[in-house]
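Take a look at the letters that make up each chain.
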Amino acid sequence: DQDEALAAGHLVVNGSVACDDLKATGPVIMADARVSGAVVLRKATITAPGGPKPAFDGDGMTVGHDFSAAGLTAEGEVTLVDVHVAGVLDLGKATLTRPGDVALRLDRAEVSSSLYCNAGFTVTGSMDVIGAHVHGSFYLNRAELGRLPAAAEGGTGAAVAAGKGAALRLVRTRIDGDLGCWKGFVTHRSVDMRRSSVGGEVSLLTTGLNGHPTAADLSH
């Protein structure tokens, strides 16, 4: 019935939140939580597909150190809109699944260090990073975005429906360091980087830019 597996909205912790290897069937809600230390969700598994609530809702969170969700597996939306992370935001090796819709939202996120979506990071669905500010670098090396669900592979109508829109929307986002998309960066649909700025080096070495009519939009 999609009741929350963990309801921790507006939680205040004068220390860290450690949820390594968490197994949750149903949404995990930490919206507007205030954590003075780190938030750790390494190798957590959250299953909440198709319900009215995200699998993980961290909108408006303030984290005083790192937010580490390396190896996270989530079925359903992961939303981190308006988060403030004073350290690193690490989603390396995460597997996020929401076919035909946005699997990861990082709109207006403020990350004081670097953002890692690398090292086997995989999204079935799309990823939105709109109006965010990353004070360090943003790494997407060895990432796969816009993967089609297994049932939609092979050019069926479902595959066409699941393949609409950009796999990555990096729009109006400011990155003070580098943007690294190399060493196995794969996107099965288009990349939208309009009106973004990068203070360091941009590396976009990719295969599978299959968007139509534009494969990659880097205008403005």
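Residues numbered from 1 in each chain as written. Predicted model: local features only at pLDDT ≥ 70, side-chain atom pairs only at ≥ 80, totals over all residues. Heavy atoms only, no water.

## Focus: the overall build of the protein chain
Part 1 of the argument: A tally of regular secondary structure across the protein chain gives 1 helix and 29 strands.
Part 2 of the argument: Within the protein chain, the fraction of its 220 residues that count as buried is 48%.
Part 3 of the argument: Put simply, of all contacts in the protein chain between residues at least 6 apart along the chain, 51% involve residues at least 24 apart.
Part 4 of the argument: Here the protein chain holds 19 positive side-chain charges and 24 negative ones, and the gap between their average locations is 4 Å. (Helix = DSSP H or I, 4+ residues; strand = E, 2+ residues; numbered from the N terminus. Buried < 20%, exposed > 50% of the residue type's maximum accessible area, 1.4 Å probe, protein only. Contact = heavy atoms within 4.5 Å. Lys, Arg positive; Asp, Glu negative; His and termini not counted. Charge placed at Lys NZ, Arg CZ, Asp CG, Glu CD.)

## Describing the pattern of salt bridges
Part 1 of the argument: Following the criterion strictly, the structure yields 12 salt bridges and no others.
Part 2 of the argument: As a salt-bridge pair, Arg 42 and Asp 20 come within 3.2 Å of each other at their nearest N and O atoms. Separated by 22 residues along the polypeptide, Arg 42 in the loop between strand S7 (39-40) and strand S8 (45-47) and Asp 20 in the loop between strand S3 (17-18) and strand S4 (23-25) bring together distant segments of the chain.
Part 3 of the argument: Accessibility expressed as a relative area gives 39% for Arg 42, which makes it partly exposed. (Salt bridge = Lys/Arg side-chain N within 4 Å of Asp/Glu carboxyl O.)

## Remarks on the nonpolar core
Part 1 of the argument: Ranked by size, the top nonpolar core spans 56 residues in total, and within it Phe 56, Phe 67, Leu 96, Phe 121, Met 127 and Leu 140 carry the most contacts.
Part 2 of the argument: Counting residues per element, the ones that place at least two in this core are strand S16 (95-105), strand S19 (121-130), strand S22 (143-145), strand S23 (166-171) and strand S25 (179-187).
Part 3 of the argument: The leading source of residues in this core is S19, at 4 residues.
Part 4 of the argument: The contacts of Leu 140, once residues within four sequence positions are left out, are Cys 117, Asn 118, Leu 145, Leu 168, Leu 179, Gly 180, Cys 181 and Phe 185. (Core = buried A, V, L, I, M, F, W, Y, C linked by side-chain atoms within 4.5 Å.)

## Looking at the layout of surface pockets
Part 1 of the argument: Considering only enclosed or pocket space, the largest pocket measures out at about 170 Å³ in volume.
Part 2 of the argument: Along the wall of the largest pocket there are 13 residues; nearest its centre are Pro 49, Gly 50, Gly 76, Glu 77 and Arg 98.
Part 3 of the argument: Examining the composition of the lining of the largest pocket, we find that 3 residues originate from one element, S16, more than from any other.
Part 4 of the argument: Looking at the lining of the largest pocket, its residues break down into 5 nonpolar, 4 polar and 4 charged. (1 Å grid on protein atoms, 1.4 Å probe; cavity = no way out; pocket = protein on both sides within 12 Å on 5 of 7 lines; lining within 4 Å. Points joined across faces, edges and corners; volume = space filled by probe spheres on them. Nonpolar A, V, L, I, M, F, W, Y, C, P; charged D, E, K, R; others polar.)

## Some points on the sheet that holds strand S14 (residues 84-85)
Part 1 of the argument: One open sheet accounts for 8 strands, arranged S2-S6-S10-S14-S17-S20-S24-S27; its pairing is parallel. Unpaired on one side and paired on the other, strand S2 (12-13) and strand S27 (197-198) mark the two borders of the sheet.
Part 2 of the argument: With 2 bridges joining them, strand S24 (residues 174-175) and S27 adopt parallel strand pairing. Looking at the pairing, Ile 175 lines up with Val 198 of S27. (Pairing = 2+ DSSP bridges.)

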